[in-house]
Amino acid sequence: FGRMKPVIVVHGGAGRIFKEREEGSRAGVVRAVLRGYGILKQGGSALDAVEEAVQSMEDDPHFNAGCGSVLNEKGEVEMDAIIMDGKNLDSGAVSAVKCIANPIKLARLVMEKTKHMLLTDHGAHLFAQAMGIPETPGEKLITKRSQERWKKNLEPDSNPEEFQKDLGTVGAVAIDSEGNVACATSTGGLSNKLIGRVGDTACIGSGGYADNRSGATSTTGHGESIMKVVLARLVLYHMEQGMTPEMAADSALDYMKTRVGGLGGVIVVNSSGEWAARFSTKQMSWATVKDDQLHYGIYTGERHTKPVVEALTAEGEGF
């Protein structure tokens, strides 16, 4: 068995990325992918790599996950996250969680420390306490931007649907040197959503799916549409039928668009280390590292490439 060359792909959400936020989104996905790749490079697991990458984006207020999450109708942050191990199809997820900085960490603990796959709201909160996860005051997760957006959406003539185009789930997929794949996805959900609304992110097969036999995928976009077509699993199904990651992603996104009018994006890595980052929205911030080359972009057809060494140097100066 030859050792696999590790590959990691991340996304910072599909939708509309406002001009003044482009740089921050690019920098954020690049930082996340480099952190995840650092783990893979040292022989670490795909699971650790995707968790690290997603945590990096949860901590970055540019993204709708962790700190910077959008607010529900009551002006609170409620977050969803999932992680999945392609080796044995183990998965852990949390939904509607409040007052923790990194839902992806909690999802990983659900996977490893319980017999369950999904904990929600109050139960997830009790579990976090039992696991010794420090509580973060809700207001610490709220950025000025989320607050302003929430207020704007409350105005009688506002159209929250218009704002939903600026989504921003974060996710990562990876294959490690052992050939194991994993996925992780985390989000603050929809702006001004009903209390207790859970979207695709926490749902296995919709927000993400990982299976060593085919690959791993993480999704972003309109949650309800993604759930209707079980998008993450659909992409892997297409790969099982022999499609390349790119074709599989495009076919699944196309089906979601024609069947239910939903837009979104997916990142994919297959069991032989081929990857794709595809989207039907105007934009999706994404980044990947393969063969020590970093690739990243936001617009359709945009792809910057530079050696990882160079990116790490720049990153070091940036911190």
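Conventions used here
Residue positions within a chain follow its written sequence, with the count starting from 1. Local features are withheld for residues below a pLDDT of 70 in this predicted model, meaning they are given only at 70 or higher, and side-chain atom pairs are given and counted only at 80 or more; totals for whole chains, interfaces and linings count all residues. Processing note: side-chain calculations cover all non-hydrogen atoms of the structure and skip hydrogens and water entirely. Structural elements are reduced to axes, namely lines fitted to C-alpha atoms, with helices fitted over the stretch in contact, and the angle between N-to-C directions of any two is expressed from 0 to 180 degrees. Strands are runs of DSSP state E lasting at least two residues, helices are runs of H or I lasting at least four, and both sets are numbered from the N terminus onward. Orientation is classified from the angle alone, with under 35 degrees giving roughly parallel, over 145 giving roughly antiparallel, 65 to 115 giving roughly perpendicular, and any other angle giving oblique. Here, two residues are considered to be in contact whenever any of their heavy atoms come within 4.5 Å of each other. Any residue outside Ala, Val, Leu, Ile, Met, Phe, Trp, Tyr, Cys, Pro, Asp, Glu, Lys and Arg is labelled polar, Gly included; the first ten of those are nonpolar and the last four are charged. Pairing between strands is defined by DSSP: at least two bridges between the two strands are required. Buried Ala, Val, Leu, Ile, Met, Phe, Trp, Tyr and Cys residues form a nonpolar core when they are joined through side-chain atoms within 4.5 Å. Per-residue accessibility, obtained with a 1.4 Å probe over protein chains only, is compared with the maximum for each type, and a residue is labelled buried under 20%, exposed over 50%, and partly exposed between these values. The crossing is said to be left-handed when, going from far helix to near helix, the turn is anticlockwise and less than a right angle, and right-handed when the turn is clockwise. We count a salt bridge whenever a side-chain nitrogen from Lys or Arg sits within 4 Å of a carboxyl oxygen from Asp or Glu. UniProt positions are given in the numbering used here, feature names are shortened, and annotations may be inferred rather than shown by experiment. By construction, the arc corresponds to the directions joining the helix axis to the C-beta atoms.

## As for the packing of helix α2 (residues 46–58) against helix α3 (residues 103–113)
So, point 1. Look at α2 against α3: their axes get within 8 Å of each other, and the N-to-C directions meet at 150 degrees. Here α2 lies roughly antiparallel to α3, going by the angle between them. Contacts from L47, D48, E51, V54, Q55 and E58 in α2 reach P103, I104, K105, R108, M111 and E112 in α3.
So, point 2. Taken together, the residues of the contact of α2 with α3 sort by class into 5 nonpolar, 1 polar and 6 charged.

## Here we look at the sheet that holds strand β9 (residues 264–270)
So, point 1. Overall, antiparallel pairing links the 4 strands, which are arranged β7-β8-β9-β10 in an open sheet. Where the open sheet ends on each side, the last strands, each with one partner, are β7 (208–211) and β10 (275–279). Taking each pair of neighbouring strands and ignoring which way they run, the sheet shows an average axis angle of 10 degrees.
So, point 2. In this sheet, strand β8 (residues 215–221) lies alongside β7 in antiparallel orientation, the contact comprising 4 bridges. Within β8, the residue paired with A210 across the bridge is A216.
So, point 3. Contacts from helix α8 (residues 231–240) reach β7, β8 and β9, with the element oriented near 140 degrees to β8.

## Points about the nonpolar core
So, point 1. By size, the foremost hydrophobic cluster in this structure holds 50 residues, and its most contacted members are I8, V10, V33, I83, L106, V289 and L294.
So, point 2. If we ignore the near neighbours within four places in the chain, the residues touching I83 are L47, V50, E51, D90, S91, G92, I104, A107, R108, M111, C183 and A184.
So, point 3. V7, L231, V268 and A276 belong to the second largest nonpolar core, which has 34 residues in total.

## A few points about the packing of helix α1 (residues 19–41) against α2
So, point 1. Contact geometry for α1 and α2: axes closest at 8 Å, N-to-C directions at 155 degrees. If you check the angle between α1 and α2, you find them roughly antiparallel. The two elements α1 and α2 cross, and the hand of that crossing is right-handed. Along the contact surface, α1 presents G28, V29, R31, A32, R35, G36, I39 and L40, while α2 presents A46, D48, A49, E52, A53, S56 and M57.

## Considering the pattern of salt bridges
So, point 1. Within the structure shown, the criterion is met by 19 salt bridges.
So, point 2. A salt bridge links E148 to K144; its shortest N-O distance comes to 3.7 Å. Residue E148 and its partner K144 are located together in helix α5 (residues 144–154), separated by 4 residues, close to a single helical turn.
So, point 3. As a salt-bridge pair, R278 and D250 come within 2.8 Å of each other at their nearest N and O atoms. Of this pair, R278 sits in strand β10 while D250 sits in helix α9 (residues 245–260); the two residues are 28 residues apart in sequence, bridging distant segments of the chain.
So, point 4. By relative accessible area, D250 is classed as partly exposed at 30%.
So, point 5. What emerges from the salt-bridge pattern is a single network uniting K19, E22, E23, R26 and E302.

## Section: the sheet that holds strand β12 (residues 293–299)
So, point 1. Reading across from one edge, β4-β3-β2-β6-β5-β1-β11-β12-β13 is the order of the 9 strands in this open sheet, with mixed pairing throughout. Here the strands that pair on one side only, and so sit at the sheet edges, are β4 (118–120) and β13 (304–307). Between one strand axis and the next, the sheet turns by 10 degrees as a mean value, whatever way the strands run.
So, point 2. Summarising the sheet, strand β1 (residues 7–15) and strand β11 (residues 283–290) pair through 7 bridges and their orientation is antiparallel. The residue of β11 that forms the bridge with I8 is V289.
So, point 3. Set on the sheet, helix α4 (residues 121–130) makes contact with β3 (90–97) and β4; between it and β4 the angle comes to about 105 degrees.

## So, the pairing of β11
So, point 1. Among the 8 residues in β11, 7 count as buried, and that is most of the element.
So, point 2. Where β11 and β12 come together, 6 bridges link them in antiparallel fashion. Bridge pairing in β12 places A287 opposite Y296.
So, point 3. If you look at the hairpin formed by β11 and β12, you'll find 2 residues sitting between the two strands, and D291 has a positive phi there, around 50 degrees.

## Topic: the UniProt feature "active site" (unreviewed entry) in the chain
So, point 1. The positions that UniProt labels "active site" (unreviewed entry) are, in the present scheme, T169.
So, point 2. Along the chain, T169 falls in the loop between α6 (160–163) and β5 (170–175).
So, point 3. Using a relative accessible area of 6% as the deciding quantity, one classes T169 as buried.
So, point 4. Ignoring sequence-local partners within four residues, the contact set of T169 consists of H11, G12, G13, N64, T185, S186, T187, T201, T219 and T220.

## Description of α4
Side chains of residues three or four places apart in an α-helix project in the same direction, reflecting 3.6 residues per turn.
So, point 1. Where α4 is concerned, the buried positions are A124, F127 and A128. In an axial view of α4, the angular spread of the buried residues amounts to 100 degrees, which keeps them on one side of the axis. In α4, the exposed positions angled more than 90 degrees off the buried face are occupied by H122 and A130.
So, point 2. Taken together, the buried residues of α4 touch β3, α3 and β4.
So, point 3. Of the residues one or two after α4, G132 is the one with positive phi, at around 75 degrees.

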